[in-house]
Amino acid sequence: MQLDSSSVARAAELIRNARHIVILTHMAPDGDAMGSALALYHWLNDPTNDQMVNDQMVNDQMVNDQMVNGLMVNDQMVNVIVPNAFPAFFNWMPGADKIMVYETQTKACDALIEEADLFVCTDFNDPKRIGPVGEKMVQHSCPKILIDHHLDPMDFADVTFSYPQATSASEIVYRLIAALSTPHATRNTQLATCIYTGLMTDTGNFSFNSTSAELYDIIADLLRAGVQKDAVYNAVFNQYSVDRMRLTGYALYRRMRIYPEYHLALITLTADELDQYHYQVGDTEGLVNMPLQIADVYYSVFMREERPKPGTPRSRIRVSFRSQGDRPVNIWAHEVFRGGGHMNASGGELFGSVQQAVRLFEQTFPKYLKKD
Ligand code: 5GP
Ligand code: MN
């Protein structure tokens, strides 16, 4: 896979001319959202990385210390804004402490968004995937770059890197940095660690969508940059609280149904059930994949209730879909649950109760799923 060279040149031009860069990634950030956004952050902020962008700026030292957050290198200021909180098991990531969360730091984020003269968007194909920030970003007159690996990105950016065949947005970011920097900006350990995290999480620790030899060339480069791959695995996957482990047990034991004819599993968790286990953001991450470990289960769906937001009557049921092989779930997610995603990993939602969501699920799966 190679990035389109004219897009790379146009992105370079936009970055070179930008002073206030805001990096945006999707709601409920996962490892790839975090990794791709933070890798860009390190790249754009690191004065020692031989980066063409900062080389251009060495002579231009206007510093604006009015800004709310973010580092300034020469006169370029870079911030990462995420729509809502990310799981605590990403707190260790280099730069995570600099991330601004729109939901809880709305005013400060709005100020940064207003001041922005370039948006770099990663790991989403539709401004709706970043909540209220999306509308503000789209309406802002400044240029936008989109770096994404989902199908059919919306046409809102000036330069779009859309590679659905890529493992992750982090992989595309790696390729962009490698294309634009000399000799090897990707040898920065912090940056490389962020890229590695995105590759690792979006491939289930290299267990799916990860068969190309090229991927392992990238990984070799990241390891040479000093990435401690086993430590990254531990930091992301072996950080359960006791409550999270018990919630997982409860969900599998009490709340998993199997529809054998369709090789399908469903897990549901209501807000009350989540409360019993003191649910924290990220506690159900990966749960939807677990039923796929059962022989003859090829489809898995997980529903999680979020209580109604103040002033709204109904709960939001967040639905995650997973499948194996040639069994698309994204059309079902799109047509029935107002979502979408990749062929084997999609998401959607429904406003109502878990029972209503289950009813809709049971009414529609025979139309969308294969029996064999
Ligand atoms: P998850 O189940 O991990 O939340 O989402 C799995 C994948 O489905 C994500 O990587 C994303 O590509 C996609 N996805 C999740 N929710 C939505 C949604 O509401 N709309 C669209 N278009 N894609 C989604
Ligand atoms: Mn991704």
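Residues numbered from 1 in each chain as written. Chains lettered and ligands numbered in written order. Predicted model: local features only at pLDDT ≥ 70, side-chain atom pairs only at ≥ 80, totals over all residues. Heavy atoms only, no water.

S.K.: Describe the packing of aromatic side chains, listing the residues and the values that go with them.
M.R.: Enumeration according to the criterion identifies 15 aromatic pairs in this entry. Considering the side-chain rings of Phe321 and Phe337, the 5.6 Å spacing of their centres and the 55° angle between planes classify their relative orientation as tilted. Of the two residues, Phe321 sits in strand β11 (residues 316–323) while Phe337 sits in helix α12 (residues 330–337), which places them 16 residues apart along the sequence. Residue class for Phe337 comes out buried when judged on its relative accessible area of 0%. With 6.5 Å between their ring centres and 20° between their planes, Trp332 and Tyr368 make a pair best called stacked. In this pair, Trp332 is assigned in helix α12 and Tyr368 in helix α13 (residues 354–368), connecting sequence segments 36 residues apart. Here Trp332 and Tyr368 have matching classes, each one buried. The structure contains a cluster of three or more aromatic residues connected by ring pairs, namely Tyr259, Tyr262, Phe321, Trp332, Phe337, Phe361, Phe365 and Tyr368. One residue, Arg244, lies across the ring of Tyr240, its end atom 3.8 Å from the ring centre. (Phe/Tyr/Trp six-rings, centres within 6.5 Å; stacked < 30°, edge-to-face > 60°. Helix = DSSP H or I, 4+ residues; strand = E, 2+ residues; numbered from the N terminus. Buried < 20%, exposed > 50% of the residue type's maximum accessible area, 1.4 Å probe, protein only. Lys NZ or Arg CZ within 6 Å of the ring centre and 35° of its normal.)

S.K.: So what about the sheet that holds strand β8 (residues 256–259)? Which residues, and what values?
M.R.: Spatial strand order, β8-β9-β10-β11-β13-β12: six strands in an open sheet with mixed pairing. Strands with a single pairing partner mark the edges of an open sheet, and in this sheet they are β8 and β12 (340–341). One ladder, built from four bridges, connects β8 with strand β9 (residues 264–269); its direction is antiparallel. Bridge pairing links Met256 to Ile267 in β9. This element, helix α10 (residues 242–254), spans β8 and β9 of the sheet and lies at about 130° to β9. Across the sheet, α12 is in contact with β10 (299–306), β11, β12 and β13 (345–351); its angle to β13 comes to roughly 15°. (Pairing = 2+ DSSP bridges. Contact = heavy atoms within 4.5 Å. Axes fitted to C-alpha atoms, helices over the stretch in contact; angles between N-to-C directions.)

S.K.: So what's going on with α10? Residues and values would help.
M.R.: Between the first and last C-alpha of α10 there are 18 Å, a value that for 13 residues agrees with the 18 Å anticipated at 1.5 Å per step. Arg244, Leu247, Thr248, Tyr250 and Ala251 are the residues of α10 that are buried. Along α10, the residues classed as buried sweep out an arc of 165° about the axis, all on the same side. In α10, the exposed positions angled more than 90 degrees off the buried face are occupied by Val242, Arg246, Tyr253 and Arg254. In the core, the buried residues of α10 are packed alongside β8, β9 and α11 (271–276). (Expected span 1.5 Å × (residues − 1). Arc of directions from axis to C-beta.)

S.K.: I'd like a rundown of the site of ligand 1, residues and numbers included.
M.R.: Inspection of the region around ligand 1 gives Arg129, His150, Arg318, Ser320, Arg322, Gly339, Gly340, Gly341, His342, Ala345, Ser346 and Gly347 as its neighbouring residues. Within the contact set of ligand 1, a nitrogen atom lies 3.3 Å away from a side-chain nitrogen or oxygen of Arg129. Contact between ligand 1 and Ala345: an oxygen atom at 3.4 Å from a main-chain N or O atom of the residue. Coverage of ligand 1 by the protein amounts to 78% of the 500 Å² it exposes when considered alone. Breaking the shell around ligand 1 down by element, the ones donating at least two residues are β11, β12 and β13. (Near = heavy atom within 4 Å. Polar contact = N/O pair within 3.5 Å; in protein donor to acceptor, adjacent residues only side chain to side chain. Areas by Shrake-Rupley, 256 points an atom, 1.4 Å probe, with all protein chains shown as cover.)

S.K.: Can you tell me about the side chain of Thr284, naming the residues and giving the values?
M.R.: Within the element layout of this structure, Thr284 appears in the loop between α11 and β10. Thr284 has contacts with Leu247, Leu269, Leu274, Tyr279, Phe302 and Arg304, leaving out every residue within four places of it along the chain.

S.K.: Describe in detail the domain arrangement of the protein chain, supporting the description with residues and values.
M.R.: Each domain of the protein chain was delimited in the assignment, giving domain 1 (5–236) and domain 2 (242–368). Taken together, the contact between domain 1 and domain 2 spans 10 residues of the former and seven residues of the latter. In total, about 620 Å² of surface goes out of reach between domain 1 and domain 2, with carbon and sulfur atoms giving 61% of it. Joining domain 1 to domain 2, the criterion identifies zero salt bridges. The tally of links from domain 1 across to domain 2 stands at one residue pair in polar contact (both at pLDDT 80 or more). Split into classes, the residues belonging to the side of domain 1 that touches domain 2 amount to six nonpolar, two polar and two charged. (Domains from an automatic or database assignment. Buried area = accessible area lost by both parts, 1.4 Å probe. Salt bridge = Lys/Arg side-chain N within 4 Å of Asp/Glu carboxyl O. Nonpolar A, V, L, I, M, F, W, Y, C, P; charged D, E, K, R; others polar.)

S.K.: Explain helix α9 (residues 229–237) residue by residue, including any values.
M.R.: Regarding α9, the residues found buried are Val232, Ala235 and Val236. One face of α9 carries all of its buried residues, which in axial projection span an arc of 90°. In this fold, the buried residues of α9 make contact with α7 (189–202).

S.K.: I'd like a description of the state of the cysteines, backed by residues and values.
M.R.: Scanning all chains against the criterion turns up zero disulfides. We note that Cys121 lacks a disulfide partner, and the nearest cysteine sulfur, in Cys142, lies 9.3 Å from it. Accessibility expressed as a relative area gives 0% for Cys121, which makes it buried. Free of any disulfide, Cys194 has its nearest cysteine sulfur in Cys121, 18 Å distant. (Disulfide = S-S within 2.5 Å.)

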